[in-house]
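Spelled out, the chains give:
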Amino acid sequence: MRSLCLRCLRPQVTCYCTQVPQVESRTRVVFLQHPRERRVAIGTARMAHLALPNSELYVGVDFSGHSRLEELAAHPERVAVLFPGEEAIPLEEARKQPPETLIVVDGTWPLARKVVKTNPLLAGLPRIGFVPRRPSNYRIRAEPADHCVSTIEAVVEVLGALEGAQERFDTMLRAFNYMVDTQLDRQATRTEPPRRRIYKSAWQPPAELRAISEDFEHLVLLYAEANAHPSGEGIPAELVHLVATRPSTGERFEAVLAPRQPLARSTPLHVELPEETLLAGEPLEAGLARFQAFLCPGDKFAVWTTFALDLLRRDGFPVPEAVNVRLSCARALKHKSGGVEQGAALLGVSPPEPWAPGRAGRRIVALEAVVRALDERGRATEPPSRNRPAA
């Protein structure tokens, strides 16, 4: 019988306790863990709980009559539930009035939804949703969609945003990365047969790649550049260069928008457009009106990061549903891909010559090359060969 660490509940040979930091947080975190998730050896809620002194962990499905939850629910203005949904507010809005307590439901998505649905107290509390900054590193457990991350990754992301101390909370991922790497290493060196027989269904591409193929006819690839001042000056970034293409038809869009604020000294250098070109750009309203006319009902944006979406929202543009291509690319490669041009190189595709000037011109064609490669993999009927990155 294998001996277990009584703190992290992992076998002694894979104990991660030495990697767990103690991270103080202003926000009280209350974990509600589904009982099935407690039995998952590679779960991360307990890991996050061990790293956060200002946290609590409760196991169950029906928390009716739970005195602690009733106490929290009595002050909904101080509490929020970390759970997606149409009524969930984005992190940017939550930062304006951050909750004192964050309730985190831990379990697979079906189990977590059951916990939320079973407990009316949770339904009556505000919700927070977010788009992750980077792909999940949970390489030892399949996620249902490209925006899904582990519990500890979600907590790190949200606490860092709410408290403005992302680097401090990122240290919590040290134990998580150690657990993932250790598990993969032991799987690679295992010589004995698995403890139980695993039945596999017929092969099909990852869900993220199938989704790109299914939505391909409606995808509008988007990249944007900003007039960005140093953060210490307190001047928000503003949209100055917008490029888009519809890969299913080859239609293209470009707008250089005149800055509404003083042009930052570094902006021409970063966006790779002359200062005079930027200053002579068209008015924001005219450019966005042209872009709105370029779009069709049912379109979905496809972006490498959410930066372009944030710039459009800041100017009041109605942003439709979006696909995070970087996360899908990471799923295809099974590791981080860096920037969009690096992602294209790792996928083994060469972008065509840019059709628009500046850095945006290079990156929109790289984005299209990546999306076409992912679309091809999403339509595959057989697993990829071993001599190229796995899909």
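Described below are features of the structure shown in this document.

### Overview of the sheet that holds strand S11 (residues 322–324)
In spatial order, the strands read S9-S8-S7-S10-S11; together these five strands make up an open sheet with mixed pairing. The open sheet is flanked by strand S9 (251–256) and S11, the only strands paired with a single partner. Taken over all neighbouring pairs, the strand axes of this sheet differ in orientation by 25° on average, direction set aside. Note: strand S7 (residues 219–227) against strand S10 (residues 300–303), three bridges, orientation parallel. Residue Val 220 lies in a different strand from S10, and its bridge partner there is Phe 301.

### Re the nonpolar core
General note: in soluble globular proteins, nonpolar side chains tend to be found buried as a group. Membership of the largest hydrophobic core comes to 40 residues, with the highest contact counts inside it found for Tyr 16, Phe 31, Leu 52, Leu 102, Ile 152, Phe 169 and Met 172. Residue assignment for this core shows that the elements contributing at least two residues are strand S1 (28–33), helix H2 (45–51), strand S3 (79–82), helix H4 (91–94), strand S5 (101–106), helix H7 (151–163) and helix H9 (173–189). Broken down by element, this core gets its largest block of residues, eight residues, from H7. Setting aside residues up to four positions removed in sequence, Phe 169 forms contacts with Val 23, Glu 24, Ser 25, Leu 52, Val 156, Leu 159, Gly 160 and Glu 163.

### Regarding the packing of helix H15 (residues 325–333) against helix H16 (residues 340–347)
Two numbers describe a pair of packed helices, the interaxial angle and the distance between the axes. Between H15 and H16, the least distance of the axes is 11 Å, while the angle of their chain directions is 30°. Taken as axis vectors, H15 and H16 run roughly parallel relative to one another. Of the two elements, H15 crosses H16, and the hand of that crossing is left-handed. Note on element contacts: H16 touches H15 through Gly 343, Leu 346 and Leu 347, opposite Cys 329, Ala 332 and Leu 333. Looking at the contact of H15 with H16 residue by residue, the classes come out as five nonpolar, one polar and no charged.

About the cut-offs
- Residues numbered from 1 in each chain as written.
- Predicted model: local features only at pLDDT ≥ 70, side-chain atom pairs only at ≥ 80, totals over all residues.
- Heavy atoms only, no water.
- Pairing = 2+ DSSP bridges.
- Helix = DSSP H or I, 4+ residues; strand = E, 2+ residues; numbered from the N terminus.
- Axes fitted to C-alpha atoms, helices over the stretch in contact; angles between N-to-C directions.
- Core = buried A, V, L, I, M, F, W, Y, C linked by side-chain atoms within 4.5 Å.
- Buried < 20%, exposed > 50% of the residue type's maximum accessible area, 1.4 Å probe, protein only.
- Contact = heavy atoms within 4.5 Å.
- Parallel < 35°, antiparallel > 145°, perpendicular 65-115°, else oblique.
- Left-handed = near helix turned anticlockwise from the far one by under 90°.
- Nonpolar A, V, L, I, M, F, W, Y, C, P; charged D, E, K, R; others polar.

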